[in-house]
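The residues making up each chain are set out below.
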Amino acid sequence: MNVLIALSGGVDSAVTAFLLRKAGHNLVAGVTMTRPNGGAPAGAPSAPTPGSPEDLAAARNLCARLGIPHFAVDITDAYRQAVIEPCRNAYRTGYTPNACVLCNPAVKFGFLPDAARRAGISFDAMATGHYARIVSMQAQSASPDSPNGREEVLSALETLRANADSGLDFTARPHALLCGADRTRDQAYFLFRLSAGQLAKTLFPLGSLTKPEVRALAQSAELEVAQKTDSQDLCIDRTELIGTDERPGDICRPDGRVLGRHRGFWHHTPGQRKGLGLSGFAEPLFVTSLDPEKNRVYVGSAPDLVSPSLLVENVVWTSIEPPPVGAVFRCGLKPRSSGVCLLSRIEVLPGNRFLATRPEGFRAPSPGQAAVLYADSLLLGGGSVSRP
């Protein structure tokens, strides 16, 4: 297979390239995303960015060792349109978006391979160093990302059926997305919006490996990045998103009692405790909600953070065919990237939405954050938490 390798300049993508070469694939080129100066205006301080000079040098050196060409692709404009502007608009309306969830389908797995094709590079699939697995449910042979993945998907669907309304069935899509074997590094959450076409033309060779195993492989291959510190995969900072302008307003109790002032509601997010400038209260205070129209930040105690349900909108079904409206089943729900998977009751609603409930409720739901559904290791789909 002719494979384009996306290189970040780090150890994960470097090992990805060597695993592909070892498996007999033809690496046609390496490509690295870059945002010169982090997308900041000329002369302004640089923002966090992929494709730093150090990363570009590491990627070029690796390509030279592999004997393949290397290309740097400036994603500044594409990233601004697909990520910066939507995120900024979301913050200003009281939502807390996830930049990586937006970036992956539009930029990393959209603009980047398209730019490579426009440059005249021909390839069958693009590979990255993500810790996730893609399983072909049609091929008779084992999927390269997960040799036993078909059985894992089928087992997850059986679990799903056992926890659904009587008679409700679930069908896997041609390509299913599984969590990475290393759950401490799993990145499937950030990939749930990849389209069926993108999944079909993507390889994740690290999906069945742990980070220590990847480091060991890099060491044995004598890669110069073997001990390189992991990047934070941060292509954006908060100032770039929301700016530095201020719109002072009130910090209030739910009953409207004013406790303090803020610089602009968009500087805060539900569940936040630090940075409120509030002290001297008998119990810790947390942001419970934002009111964009009144420019208010509401705070309360820990119990006030709990919501009995989550309404999730703009839902996509990544690995299964869409369940019918009215379908009810139980599965895991991850309400934020750093959260744990919570067993929840899911009811499919009209308009690409679902309602999630659980007896214990959900702590500090943040409108705009991704809520992703799982059956065992199978990522079912997900959407964005709606404002109540």
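Details of the structure are given in the entry above.
Since the model is a prediction, treat every value here as computed from it, not as a measurement.

Caption draft 1: Spotlight on the packing of helix H3 (residues 76-92) against helix H4 (residues 99-118). The geometry of H3 relative to H4 is characterised by a closest axis approach of 9 Å and an angle of 165° between their N-to-C directions. Our classification of the angle between H3 and H4 gives roughly antiparallel. Read as a crossing pair, H3 and H4 show a hand that is right-handed. Facing Ala78, Tyr79, Ala82, Val83, Pro86 and Cys87 of H3, the residues of H4 in contact are Ala99, Leu102, Cys103, Ala106, Val107 and Phe111. Of the residues in the contact of H3 with H4, the class split is twelve nonpolar, no polar and no charged.

Caption draft 2: Spotlight on unusual backbone geometry. The phi torsion at glutamate 222 lies on the positive side, around 55°, for a residue other than glycine. The residue glutamate 222 is located in the loop between helix H7 (211-220) and helix H8 (238-242) in this model. For glutamate 222, a relative accessible area of 67% gives the class exposed. Phi angles above zero are rare outside glycine, and asparagine 295 is one such case at about 55°. With respect to the helices and strands, the residue asparagine 295 is situated in the loop between strand S10 (286-291) and strand S11 (296-300).

Caption draft 3: Structural detail: the pattern of salt bridges. Counted under the stated rule, the structure contains 14 salt bridges. Here aspartate 12 and lysine 211 are joined by a salt bridge, their closest N and O atoms 2.8 Å apart. Here aspartate 12 is found in helix H1 (residues 11-22), whereas its partner lysine 211 is found in helix H7, with 199 residues between them in sequence. Exposure class is identical for aspartate 12 and lysine 211. Each is buried.

What counts, and where the lines are drawn
Residues numbered from 1 in each chain as written. Predicted model: local features only at pLDDT ≥ 70, side-chain atom pairs only at ≥ 80, totals over all residues. Heavy atoms only, no water. Axes fitted to C-alpha atoms, helices over the stretch in contact; angles between N-to-C directions. Helix = DSSP H or I, 4+ residues; strand = E, 2+ residues; numbered from the N terminus. Parallel < 35°, antiparallel > 145°, perpendicular 65-115°, else oblique. Left-handed = near helix turned anticlockwise from the far one by under 90°. Contact = heavy atoms within 4.5 Å. Nonpolar A, V, L, I, M, F, W, Y, C, P; charged D, E, K, R; others polar. Buried < 20%, exposed > 50% of the residue type's maximum accessible area, 1.4 Å probe, protein only. Salt bridge = Lys/Arg side-chain N within 4 Å of Asp/Glu carboxyl O.

Everything listed here is a matter of geometry and, on its own, says nothing about what the molecule does.
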